[in-house]
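Survey of secondary and tertiary structure
So the chains spell out like this:
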Amino acid sequence: MDAPGDPEGPCAPGGDREGRGRDGPTESAREAPNRLSREQISSLISAASINLGSMMCYSILGPFFPKEAEKKGASNTVIGMIFGCYALFELLASLFFGKYLVHIGAKFMFVAGMFVSGGVTVLFGVLDQVPEGPIYIALCFLVRITDAISFAAATTASFSILTKSFPNNVATVLGSLEVFSGLGLVLGPPLGGFLYQSFGYEVPFISLGCIILLMVPLNMYILPNYESDPSEHSFWKLISLPKVTLISFVINSLSACLGFLDPTLSLFVLKKFNLPAGYVGLVFLGLALSYTISSPLFGVLIDKMPHLRKWFLVSGNFITAGCCMLLGPVPVLPIKSQLWLLVLVLVINGVSAGMSIIPTFPEILSCAYENGFEEGLSTLALVSGLFGAMWSVGAFVGPTLGGLLYEKIGFEWAAAVQGITDGLVLSIGVLKEKKEIKTSKYPWYRGGTKYSFA
């Protein structure tokens, strides 16, 4: 499939081959390919700051919040719901903000989301002063939900601004910025644990929240302000496109496979290998670091060779499914569970996740353009919101279903179920896509090389 704005690619309605859409010529279209404009640099700095800050806010809870919540009378089920509600409300907020980004304004949505996220992170740090019981639990839910909504606002705006600034290098830019997301996930738990042990409950949240709040004036100054007319199209028209539906299920499945590990892997490692609690976080590093390192590389390859997107997506999903089968490993395989094998599988899983996730955004965007969506900020917002929403569905289902399966059938079979589900979703989608290509009345859909997995 041709990337949006590729010289050979078809022109989107309302645009031309010089990079001019209904919103006017983009800055990147006027610049030499090997030189970044001021707007592009500003967009990268802003997106990197929200990726790093939001992922640290998301992951900092893990090492110590469950223990503190138990002291305040919260059960394990309630603690799980406090974690799970984040993804649920991020899903709802992503759909809303994707639809109304043009009305609200991308820059305002980004800055406001970052400001609220920093503020509620500080508030989380004073919850230990709240009386235990229902009041404490209710405030935990309120703060966590508010953080999810603000994060959805900032990331939806960030994706839209980035794609607007880099129309010809979407995968490269998104892949490169995953480095900061990975760093946030890697640094959050150990930094939070260290600050908690050294200074107590309040310091991790207050210090991180203040850092995010300090970034707000910087982003108000440097972030470019893009404007656009509201789109005639809706989420329902976008997701009803057969290929977008398939990719949405793929995003769901990938997110669920990764989210499944959050509540289950540490318990499995502690029980199976008797590792000290401090070493469990190092096991997670295999997945996080390999994903962080591989994502930029796949982004560059995908932008340089757009026709490989479908193969990266398909291959990465099947490798991820295989990794899930080997995590335990599943008891039917004649393989003994060993720590080095688990770490190796997690490393491969991180690489396959990058291989699968990075192509999804440009694939959805290209499919939208080819089906009459205008080239502009409104379409970028719809695609950004859809991506965030579909990822959130998996992030909610994965830990929730994974925790249930872990209790009922054990980690080995629970991981296998995740892998089988991932493989089946992709296999059914590929077969469905091939059938629709053969029967479609649209010549561009039957072309195969541009708009299909065939």
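Please refer to the structure higher up on the page.
Quick summary incoming for the structure in this document. (Residues numbered from 1 in each chain as written. Predicted model: local features only at pLDDT ≥ 70, side-chain atom pairs only at ≥ 80, totals over all residues. Heavy atoms only, no water.)

1. Topic: the pattern of salt bridges
- In the structure shown here, the tally under the stated rule is three salt bridges.
- Among the ionic pairs, Lys-71 bridges to Glu-68, the shortest N-O distance being 3.6 Å. Taken together, the residues Lys-71 and Glu-68, both in helix H3 (residues 65-71) and three residues apart, mark about one turn of the helix.
- One network of salt bridges, in which partners are shared, links Lys-243, Arg-309 and Glu-363. (Salt bridge = Lys/Arg side-chain N within 4 Å of Asp/Glu carboxyl O. Helix = DSSP H or I, 4+ residues; strand = E, 2+ residues; numbered from the N terminus.)

2. What about the packing of aromatic side chains?
- Taken as a whole and judged by the stated rule, the model has 13 aromatic pairs.
- Ring centres 6.1 Å apart and planes at 40° place the aromatic pair Tyr-86 and Phe-151 in the tilted group. Of this pair, Tyr-86 sits in helix H4 (residues 76-104) while Phe-151 is found in helix H6 (residues 134-165), placing the two residues 65 residues apart along the sequence. This pair shows no difference in class: Tyr-86 is buried, exactly as Phe-151 is.
- When the ring of Phe-159 is compared with that of Phe-361, the centres are 5.6 Å apart and the planes differ by 85°; the resulting orientation is edge-to-face. (Phe/Tyr/Trp six-rings, centres within 6.5 Å; stacked < 30°, edge-to-face > 60°. Buried < 20%, exposed > 50% of the residue type's maximum accessible area, 1.4 Å probe, protein only.)

3. Notes on the nonpolar core
- Grouped together as the largest cluster of nonpolar side chains are 84 residues, with contacts concentrated most on Phe-65 and Leu-238.
- The element contributing the most residues to this core is H6, with 13 residues.
- If we ignore the near neighbours within four places in the chain, the residues touching Phe-65 are Ile-82, Phe-83, Phe-124, Tyr-136, Cys-140 and Tyr-201.
- By size, the runner-up hydrophobic cluster in this structure holds 19 residues, among which are Leu-265, Leu-287, Leu-341 and Ala-415. (Core = buried A, V, L, I, M, F, W, Y, C linked by side-chain atoms within 4.5 Å. Contact = heavy atoms within 4.5 Å.)

4. Here we look at helix H5 (residues 106-124)
- An ideal rise of 1.5 Å per residue puts 27 Å on 19 residues; H5 measures up with 27 Å between its terminal C-alpha atoms.
- All buried positions along H5 are accounted for by Ala-106, Lys-107, Met-109, Phe-110, Val-111, Gly-113, Met-114, Ser-117, Gly-118, Val-120, Thr-121 and Phe-124. (Expected span 1.5 Å × (residues − 1).)

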